[in-house]
Amino acid sequence: MTVKICDVAFEPFVEIQNFQHELALNGKFGATSIFIGTMRDFNEGDNVQAMTLEHYDGMTQKQLTKIIAAAKTQWQILDCLIVHRVGKILPNEPIVLVSVWSAHRNEAFEACRYLMEELKANAPFWKLEKLATSQTRWVLKNH
Amino acid sequence: MTVKICDVAFEPFVEIQNFQHELALNGKFGATSIFIGTMRDFNEGDNVQAMTLEHYDGMTQKQLTKIIAAAKTQWQILDCLIVHRVGKILPNEPIVLVSVWSAHRNEAFEACRYLMEELKANAPFWKLEKLATSQTRWVLKNH
Amino acid sequence: MITLRYFASLRELLGHSTVQLDIFEPHTVLSVWKLVNPDFELPENVLTAVNMDYVLPSHVVKNGDEIAFFPPVTGG
Amino acid sequence: MITLRYFASLRELLGHSTVQLDIFEPHTVLSVWKLVNPDFELPENVLTAVNMDYVLPSHVVKNGDEIAFFPPVTGG
């Protein structure tokens, strides 16, 4: 169960493969459910040219660790990986990666969705958008 | 919207990256939901050394195409990729990949789950397991 | 002419994968099965498809159709 | 001594990110806010944490605590 905060661009598939390579789970996992959130170049009807992701270093990791622990009480998951970007981000760059490994698919699907919803609801990140007009604004709604 | 049937081992992350590279969706997708089914070395309490996946060539592609069309009527998805392995498979090799791209996460999560459940229920594939004892048996239950 | 195809455990049970035959009167999927396998009742859980779409055994077939019979699917 | 931390739009609004102060009587998260920001009522949607765990504004603080105030989170 790993939580990573990255202040530079990350490659989600490289992260997953490196992590999976380390897992001593060969032949044991039948299901991997993955979610990747990627920066769009539009939001709330406006064009966005860049974004800055602020976070509360320390609390982020603590909350994500608690969320993973809560998922483990609900589903039999073999392992999971959460990577979240912070700092300045450009459109088309990955923001978040959640990957869950389990023996059967229901657990992986359910836990992956749960982790993403809990992350969005509770992990202390804040998005500051820089619009195409160069105006900046804090994202208020986290759909 | 692509359906691929592979009779040799495939690398799910290479498939996704190649496909995503071709998508003219830079900056448009905010969510990618991915499921990978991998062969386990155990099933129904027995050790399994290999598996042969038979399919009904032609009907497989037709049914998967119909399933994708049905998903598109329900969720706003930008694109999706389904890859399924056939032939002889060894433990730890990927069997199936479903990947869905959308602007927002709910569509990607829901459509990915739907595609997997429909694939398992309707796509004409059959698993023949070779147990550790070298005995073979057809998988009867598709959990 | 119509083509019958069997898959997986049903193919193994019947010992062959394909049968081709001419039909000279109206037939359903079920009646074709009975014609070709008079001694073997269509198993209840067997799925049936015509031209690669699922149909019920009562589906009427026509010349040129490909009729498939197979056990519950186990992909994914 | 206790440490107050502000994040994102609230940090911008207040013009600083950190305040450290000594407290000499019992305080809650809310009463510390009032002590430090007498002219600015704690916004209703602001979230509060003590030592990196979410708490209600009525949570009692103690020396050494890190108290954080921030707007609704928007990660993921």
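This section reports on the structure supplied with the text. Bear in mind that the values here come from a model prediction, so they are computed numbers and not experimental data. (Residues numbered from 1 in each chain as written. Chains lettered and ligands numbered in written order. Predicted model: local features only at pLDDT ≥ 70, side-chain atom pairs only at ≥ 80, totals over all residues. Heavy atoms only, no water.)

## Brief notes about the side chain of Lys127 of chain A
Mapped onto the secondary structure, Lys127 of chain A falls in strand β8 (residues 125-131). No salt bridge is formed by the buried Lys127 of chain A; its nearest oppositely charged neighbour, Glu129 of chain A, is found at 7.4 Å. Once you skip the residues sitting within four places of it in the chain, Lys127 of chain A turns out to touch Met51, Thr52, Leu53, Ile95, Lys120, Arg137, Trp138, Val139 and Asn142 of chain A together with Thr74, Gly75 and Gly76 of chain D. (Helix = DSSP H or I, 4+ residues; strand = E, 2+ residues; numbered from the N terminus. Buried < 20%, exposed > 50% of the residue type's maximum accessible area, 1.4 Å probe, protein only. Lys, Arg positive; Asp, Glu negative; His and termini not counted. Salt bridge = Lys/Arg side-chain N within 4 Å of Asp/Glu carboxyl O. Contact = heavy atoms within 4.5 Å.)

## A few points about the sheet that holds strand β7 (residues 94-102) of chain B
Here eight strands make up an open sheet; going across it, the order is β1(A)-β5(A)-β7(A)-β2(A)-β2(B)-β7(B)-β5(B)-β1(B) and the pairing mixed. In the strand order of this sheet, the two ends are held by β1 (2-6) of chain A together with β1 (2-6) of chain B, each with one partner. Sheet twist, expressed as the average angle between the axes of neighbouring strands with direction ignored, equals 10°. In the sheet, strand β5 (residues 79-85) of chain B pairs with β7 of chain B via six bridges, with the strands oriented antiparallel. Paired with His84 of chain B across the strands is Val96 of chain B, a residue of β7 of chain B. Those strands touched by helix α1 (residues 12-22) of chain B are β2 (31-38) of chain A together with β1, β2 (31-38), β5 and β7 of chain B, and its axis lies near 30° from that of β7 of chain B. (Pairing = 2+ DSSP bridges. Axes fitted to C-alpha atoms, helices over the stretch in contact; angles between N-to-C directions.)

## Structural notes on the relation of the copies chain B and chain A
Turning chain B through 180° and shifting it by 0.0 Å along the axis lays it on chain A, with an RMSD of 0.0 Å. Given the turn and translation reported, the copies of this chain are related as if by a two-fold rotation axis. Looking at the rotation axis and the C-alpha trace of chain B, the residue lying nearest is Ile34 of chain B, at 2.4 Å. Most of the interface of chain B is mirrored in chain A, where 100% of its interface residues again form contacts. (Least-squares fit on C-alpha atoms with pLDDT ≥ 70 in both.)

## Some details on the pattern of salt bridges
Throughout the structure, instances matching the rule amount to 26 salt bridges over all chains. The residue Glu129 of chain A makes a salt bridge to Arg137 of chain A at a minimum N-O spacing of 2.9 Å. The buried category is assigned to Glu129 of chain A, whose relative accessible area is 3%. When salt bridges that share partners are traced, they join Arg105 and Glu110 of chain A together with Arg113 and Glu117 of chain B into one network.

## What to know about the arrangement of the chains
When the three pairs of chains in contact are compared, the highest contact count belongs to chains A and B. One finds no contact between chain A and chain C; the C-alpha atoms of the two approach each other to within 10 Å at their closest. Left apart from each other, chain C and chain D have a closest C-alpha approach of 29 Å.

## Quick notes on the interface of chain B and chain C
Tallying the contact residues gives 26 residues for chain B and 20 residues for chain C. Taken together, the two surfaces of chain B and chain C that pack against each other cover about 1900 Å², and 56% of this comes from carbon and sulfur. Among the residues chain B hides against chain C, the three largest losses belong to Tyr56, Trp126 and Trp138 of chain B. Together they make up 36% of the total. On the surface where chain B and chain C come into contact, there are three salt bridges. With its nearest N and O atoms 2.3 Å apart, the salt bridge here joins Glu54 of chain B to Arg11 of chain C. Taken together, the connections running from chain B to chain C amount to 16 residue pairs in polar contact (both at pLDDT 80 or more). Secondary-structure elements contributing two or more residues to the side of chain B that touches chain C are β4 (46-55), α2 (59-74), β7, α3 (105-122) and β8 (125-131) of chain B. Broken down by element, the residue count for the side of chain B that touches chain C peaks at five residues, all from α3 of chain B. (Buried area = accessible area lost by both parts, 1.4 Å probe. Polar contact = N/O pair within 3.5 Å; in protein donor to acceptor, adjacent residues only side chain to side chain.)

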